Every structure is written in structure tokens, then in C-alpha cells.
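Here's the letter readout for the chains.
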Amino acid sequence: MDFKALSFGRQEEKPSALKEATHDYTAVQFGLALHYTLEMMGEFSHESLKVSLESTRNRYGAVLHAGAMEEIEKRIGDLLDDTHFATLIRGDRYKEQMIRHKGNLGVIDLLIRGENGWRIIDYKSGREEEGKHTEQIHRYAEAIRSMRDEEVEGYLCYLLEDRIEWVKCL
């Protein structure tokens, strides 16, 4: 009888395959609902926020944790009261702009055509992956510069529980 031993590794050895990113389902749903609320706002006003919250409740209410809708309302309310935001959004505004560049597809949360060029604002509900967020803004800016030879500024807007934080990426 011919026998050939096969090696499948030892149990304590970890496979070298790429690991899939694990996400906190609750946090992902919260972030999606936050973005959706901002997208559904006709204007950046408290009145428009109330209307868009109803759309968000209809779409995400069943999957959000208790208190999430109130938290979304508070965070976006804080953003609407933020003077830096009011300054940055001056100009022609375009929400949820799909952009393709060098084989990559992305969605710019808010693109503004201001007096001195373009402004990119990307909303985030947490700072866990700030390095990736910054790279994302740089990719978007590169794509816009490749289409238009104009100035581009990029901002990360962190809508956190107790404050709004801005990071100017370029």
C-alpha cells in the first residue's frame, strides 16, 4: 500500500490568507443612517433636518439601536450650528457625487464649487480609521484636479457625540 503524508499545518498556526475586515454592525448602520439623513436634507437647516429624519426613521428605524435617531438629530443639529460648516458650504453644493478615477469608484458626500475652486467634505461618525479617511479625500481631490485644473480643498467632518471636529486634509 502506498501512503503519502499530507501537511495541513498545525492547529496553532494561523492561515496566511487575507483577513476580512470585521465591522461593528451597529456602528455601520448608524453611519449609514447619519449619511442618509444628511443626503435627504433639502437645505442645511433645522426645518429640513426634521423632514429628513422621518425618511431616515422609515428606512433605518428597524435596524438602529435605541436612541440612535435622537443621536443623529443631535449630531446633525450640532453641525448645522457650526460656524465653520456655514462658511465651508458657501457656493454651489452637490451631494453624493459619484466619481471614477484610475479604476476606483467613490462617492463624495458634499462637493462645493466656491469662489476659489472646489471643496470636498466627507462626513464621518467616528475616528477609528482616520488614516483611510485622509487617503480617501486625497483620492477624491486628485480625481477632481484631473478633470479641472483648479484648486481643491478637502475636509473630514467628524460628527462625534459631543462635538464636531474638522480635519483639513489639503
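Residues numbered from 1 in each chain as written. Predicted model: local features only at pLDDT ≥ 70, side-chain atom pairs only at ≥ 80, totals over all residues. Heavy atoms only, no water.

Undergrad: Is there a simple way to explain the overall build of the protein in this structure?
TA: Per the secondary structure count, the protein includes five helices and five strands. What you see in the protein, going N to C, is helices and strands ordered as α-α-α-α-β-β-β-α-β-β. When contacts within the protein are restricted to residue pairs at least 6 apart in sequence, those whose partners lie at least 24 apart make up 58%. Accessible surface, the protein: about 11,200 Å² in total, of which carbon and sulfur atoms supply 48%. (Helix = DSSP H or I, 4+ residues; strand = E, 2+ residues; numbered from the N terminus. Contact = heavy atoms within 4.5 Å. Areas by Shrake-Rupley, 256 points an atom, 1.4 Å probe, with all protein chains shown as cover.)

Undergrad: What is the right way to read the sheet that holds strand β1 (residues 92-101) from this model?
TA: Sheet strands associate in pairs through backbone hydrogen bonding, adopting either a parallel or an antiparallel arrangement. Here we have five strands laid out as an open sheet, ordered β1-β2-β3-β4-β5, and mixed in their pairing. Whereas interior strands pair on both sides, the edge strands pair on one side only; in this sheet they are β1 and β5 (164-168). Between one strand and the next, the sheet's axes are offset by a mean angle of 35 degrees, whatever the strand orientation. As paired strands, strand β2 (residues 104-114) and strand β3 (residues 117-124) are joined by five bridges and run antiparallel to one another. Across the sheet, L111 pairs through a bridge with I120, a residue of β3. (Pairing = 2+ DSSP bridges. Axes fitted to C-alpha atoms, helices over the stretch in contact; angles between N-to-C directions.)

Undergrad: Looking at this structure, how should I read the pairing of β1?
TA: Consecutive side chains of a regular strand alternate in pointing toward one face of the sheet and then the other. Two strands pair when backbone bridges link them, and β1 and β2 are joined in this way by nine bridges, in the antiparallel orientation. Looking at β2, one finds that I99 is bridged to G106. Here β1 folds back onto β2, and the loop between the two strands holds two residues, one of which, K102, carries a positive phi near 50 degrees.

Undergrad: Could you clarify how one ought to interpret the side chain of S52 in this entry?
TA: Structurally, the position occupied by S52 is in helix α2 (residues 46-60). For S52, a relative accessible area of 1% puts it in the buried group. Leave out the neighbours within four places in its chain, and S52 touches T37, M40 and M41. (Buried < 20%, exposed > 50% of the residue type's maximum accessible area, 1.4 Å probe, protein only.)

Undergrad: Got a minute to help me understand unusual backbone geometry in this structure?
TA: Leaving glycine out, the prevailing phi sign among residues is negative, and the prevailing peptide bond configuration is trans. The phi dihedral of E96 is positive, around 50 degrees, even though this residue is not glycine. Mapped onto the elements, E96 comes out in strand β1. E96 sits in the partly exposed class, given a relative accessible area of 25%. Positive phi, close to 50 degrees, is recorded for K102, a residue that is not glycine. Positionally, K102 belongs in the loop between β1 and β2.

Undergrad: Looking at this model, I keep getting lost on the packing of aromatic side chains. Mind explaining?
TA: In this description, a pair of aromatic rings is defined by centroid distance and the angle of the planes. As enumerated under the stated definition, the model contains five aromatic pairs in all. For the pair F44 and F85, a centre-to-centre distance of 5.1 Å together with 85 degrees between the ring planes defines the contact as edge-to-face. Of the two residues, F44 is situated in the loop between α1 (25-40) and α2 and F85 in helix α4 (residues 83-88); the sequence distance between them amounts to 41 residues. With centroids separated by 6.3 Å and ring planes inclined at 85 degrees, the aromatic side chains of Y155 and W166 adopt a geometry described as edge-to-face. Placement of the pair is Y155 in strand β4 (residues 152-159) and W166 in strand β5, with a sequence separation of eleven residues. (Phe/Tyr/Trp six-rings, centres within 6.5 Å; stacked < 30°, edge-to-face > 60°.)

Shape is all these values report; function is a separate question.
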